[in-house]
Amino acid sequence: MTFNRRNFLKTSLSGAALVTLSSASVASCSPQQNKAAKGEKDVELKLSFQEGTTPVESLNEKFDYMERLGVVGYEPGGNGLAGRVNEIRQALRGRNIQVSAICAGFKGFILSTDEAVRNEFFSSMKEIIAAAGELGSTGVIMVPAFNGQKPAFPHTQETRDFLCEQLNMLGNYAVEHGTTVILEPLNRKEAFYLRMVADAASICRDINNPGVRCMGDLWHMVWEEASDSGALLSGGEYLQHVHIASRKRRSMPGEDGDADNYIEAFKTLKQLRYDKYVSYECGCQGDKKIVLPESVKLLREQWEKA
């Protein structure tokens, strides 16, 4: 692995030029647009469900169910997404639901020492990014490396430089398709690299490419962050997506009782005038038909209190 700082700067500058030409297509990458007149009380809670969240099976049934609950975002998986674009578009036609982020689905991983594995990552990731752009998605979620993925580059400055270089190129591709790449920090049991929102945001800041953004996952943040507020504030303008689950068992918000308090996080999202999605990524301990409506009600109540 080699890293040429001069080439990286050239690539970064070319990315900046591309951003200027493509600004109309990446409005979702500019968190300060159309917010100046909004107060914190005007910020809307935009809930999103992943594919397996609802208690129903078919896509149209899922969307009918989501509409009844007032859920406005849909987070599909990235695996096979290119072949589902028309199906999802047709099912969303005339509905008050949009595709939020795309949950991974790529093959390989970006920090593999095996070039063939990295090539597999880029090939599959670009396919998902292109489909995400067609669907108007806010971005494609990715993790640089999970603990079980080997062989991987060591956790060094050289590795970080290499990651920035590769992400910059991927961000340029995302900009071309009107979407973003979203870095997700995980807890240490799942990933050795990138565990805090501030770490992901610092990569976004160093790359300075609107096609590269980050997210916060309130489940992972329980184990890695000092506070919800500090973590989300560290994401700041780069915050493109949020995952939510119960605090102890990663179940539906509310299933862990008093532990499931998100008011601090919601206050911070309001402070940031966050206009993207808060998406369910969780299991369920009880009957979804009973638990899920109560969970959505709880989050809305806590958003109002925030």
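Everything in this summary refers to the structure shown in the same document. (Residues numbered from 1 in each chain as written. Predicted model: local features only at pLDDT ≥ 70, side-chain atom pairs only at ≥ 80, totals over all residues. Heavy atoms only, no water.)

Moving on, we come to the overall build of the protein. Scanning the protein from N- to C-terminus turns up 10 helices and nine strands. Here the protein, with 306 residues, has 53% of them falling under the buried criterion. For the protein, long-range pairs separated by at least 24 residues make up 80% of all intrachain contacts whose partners lie at least 6 apart in sequence. By element, 47% of the accessible surface of the protein is carried by carbon and sulfur atoms, the whole surface being about 13500 Å². (Helix = DSSP H or I, 4+ residues; strand = E, 2+ residues; numbered from the N terminus. Buried < 20%, exposed > 50% of the residue type's maximum accessible area, 1.4 Å probe, protein only. Contact = heavy atoms within 4.5 Å. Areas by Shrake-Rupley, 256 points an atom, 1.4 Å probe, with all protein chains shown as cover.)

Within the secondary structure layout, Glu-237 lies in the loop between α8 (228–235) and β8 (239–244). When its relative accessible area of 45% is taken as the criterion, Glu-237 is described as partly exposed. Sequence-wise, Glu-237 and Arg-213 are 24 residues apart; in three dimensions their C-alpha atoms are separated by 8.8 Å.

Once that is clear, we can look at the nonpolar core. Of all hydrophobic cores here, the largest spans 74 residues; its most connected members are Phe-49, Met-125, Met-142, Leu-183, Leu-269 and Tyr-280. Element by element, the count of residues in this core is highest for helix α4 (residues 115–135), at eight residues. Setting aside its immediate chain neighbours within four residues, Leu-183 contacts Met-142, Pro-144, Leu-167, Leu-194, Ala-200, Ile-203, Cys-204, Val-212, Arg-213, Cys-214 and Met-215. (Core = buried A, V, L, I, M, F, W, Y, C linked by side-chain atoms within 4.5 Å.)

This part is about α8. Turning to α8, its buried residues are Asp-228, Ser-229, Ala-231, Leu-232 and Gly-235. Seen along its axis, α8 keeps its buried residues to an arc of 165°; they face one direction. Buried residues along α8 sit in contact with α6 (197–207), β7 (212–217), α7 (218–224), β8 and α9 (263–271). Immediately beyond the C-terminal end of α8, within one or two residues, lies Gly-236, with a positive phi of roughly 50°. (Arc of directions from axis to C-beta.)

With that settled, consider the sheet that holds strand β2 (residues 73–75). Within a beta sheet, neighbouring strands are joined by backbone hydrogen bonds and run either parallel or antiparallel to one another. In spatial order, the strands read β3-β2-β1-β9-β8-β7-β6-β5-β4; together these nine strands make up an open sheet with parallel pairing. In the strand order of this sheet, the two ends are held by β3 (98–99) and β4 (101–103), each with one partner. Along the sheet, α4 makes contact with β3, β4, β5 (139–142) and β6 (181–183), crossing β5 at roughly 145°. (Pairing = 2+ DSSP bridges. Axes fitted to C-alpha atoms, helices over the stretch in contact; angles between N-to-C directions.)

Leu-59, Lys-62, Phe-63, Tyr-65, Met-66 and Leu-69 are the residues of helix α2 (residues 59–69) that are buried. The arc that holds the buried residues of α2, viewed along the axis, is 160°, so those residues lie on one side. Its buried side turned inward, α2 meets β1 (47–50), β2, α3 (85–92) and α10 (288–305). Gly-70 occupies a position one or two residues after α2 and carries a positive phi of about 75°.

For β4 and β5, the ladder comprises three bridges, and the chain directions are parallel. By the bridge assignment, Ile-102 is partnered in β5 with Val-140. With α4 bridging β4 and the parallel β5, this β-α-β connection has right-handed handedness. In this region the chain leaves β5, passes through helix α5 (residues 157–176) and returns to the parallel neighbour β6; the handedness of that crossover is right-handed. (Right-handed = clockwise from strand over helix to strand, strands pointing away.)

On their own, these measurements won't tell you what the molecule is for.
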